[in-house]
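Summary of structural features
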Amino acid sequence: SVKKRTRKMSEVYGFGSPDYSKMINVSEKSVKASNWTKNLINNSSQKNNFIKQIQSTTENKDLLLVKNAYNTSGISIDTANTTDPATVLKNAGFKEVTTQVNLTTGEGIKRGDILMNSTSGQTHLEIATSSSNIVGITSDSSTNIDIKSKKYQNLNWTKVLRLTK
């Protein structure tokens, strides 16, 4: 019967629900962090609560987004020293992979990558939720804050960090 044939083919050829994180060499923790970030964007209540949280702190808002996303996957990010987010992330198990990414096109970006721009004296971070989408915090004041998903664009990124554990 067709059912038996399908089962047999799945055993032989490995059909079914593939683990895409293994296929594209992305850590399971990066997938969880990426999923948390996507859910944050799509759940207005959760998003509004997070915006209230970041409005009430003096910590780097972008680093808090990354911290919360990765905390859900079991990665502890100590944000006590927010003057150097790259070091904070490297201490949490991230590795700089900037040379593996074409910053102009985004080719080489993997789900969960952290994109960093620290060219203007301040550091801006965004999280890649896929190879072509990124999520970041936008603000024009301490009260007008939003979290948005967008297609990849080069915002003068200076570093790309990837979780290695």
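Presented here is an overview of the structure given in this document.

Cut-off values and rules
- Residues numbered from 1 in each chain as written.
- Predicted model: local features only at pLDDT ≥ 70, side-chain atom pairs only at ≥ 80, totals over all residues.
- Heavy atoms only, no water.
- Phe/Tyr/Trp six-rings, centres within 6.5 Å; stacked < 30°, edge-to-face > 60°.
- Helix = DSSP H or I, 4+ residues; strand = E, 2+ residues; numbered from the N terminus.
- Buried < 20%, exposed > 50% of the residue type's maximum accessible area, 1.4 Å probe, protein only.
- Expected span 1.5 Å × (residues − 1).
- Core = buried A, V, L, I, M, F, W, Y, C linked by side-chain atoms within 4.5 Å.
- Contact = heavy atoms within 4.5 Å.
- Pairing = 2+ DSSP bridges.
- Axes fitted to C-alpha atoms, helices over the stretch in contact; angles between N-to-C directions.

1. Here we look at the packing of aromatic side chains
On inspection of all chains with the given rule, the structure shows two aromatic pairs. With a centroid separation of 5.9 Å and 80 degrees between ring planes, the pair formed by Trp 36 and Phe 50 is classed as edge-to-face. You can see Trp 36 sitting in helix α3 (residues 28-42) and its partner Phe 50 sitting in helix α4 (residues 44-55), a full 14 residues away along the chain. Considered together, Trp 36 and Phe 50 belong to a single accessibility category, that of buried residues. A ring pair is formed by Tyr 70 and Phe 94, whose centres lie 4.9 Å apart and whose planes are at 80 degrees; its orientation type is edge-to-face. On the criterion of sequence distance, the pair formed by Tyr 70 in helix α5 (residues 61-71) and Phe 94 in strand β1 (residues 94-96) is long-range, its members being 24 residues apart. Take Tyr 70 and Phe 94: they sit in the same class, and that class is buried.

2. Considerations on α3
A rise of 1.5 Å per residue sets the reference length of α3, with its 15 residues, at 21 Å; its end C-alpha atoms lie 21 Å apart and thus fit the reference within 8%. Among all positions of α3, only Ser 30, Val 31, Ala 33, Ser 34, Trp 36, Thr 37, Leu 40 and Ile 41 are buried.

3. Here's the deal with the nonpolar core
Judged by nonpolar contacts, the single largest core of 30 residues is most densely connected at Phe 50, Tyr 70, Ile 77, Leu 89, Phe 94 and Ile 114. The greatest single-element share of this core, amounting to six residues, is contributed by α5. Tyr 70 has contacts with Lys 29, Ser 30, Ala 33, Ile 75, Ile 77, Phe 94, Gly 112, Ile 114 and Leu 163, leaving out every residue within four places of it along the chain.

4. Points about the sheet that holds strand β5 (residues 145-151)
Taken in spatial order, the six strands of this open sheet run β1-β6-β2-β3-β4-β5, and their pairing is antiparallel. Either end of the sheet is taken by a strand with one partner, and the two such strands are β1 and β5. Strand-to-strand twist across the sheet, computed as the mean angle between neighbouring axes with direction ignored, equals 30 degrees. Relative to strand β6 (residues 159-163), strand β2 (residues 114-117) is paired through three bridges, and the arrangement is antiparallel. When the sheet's bridge partners are listed, Ile 114 is paired in β6 with Leu 161. Each of β1, β2, β3 (124-128), β4 (133-139), β5 and β6 touches α5; the most contacted strand, β3, lies at about 30 degrees to it.

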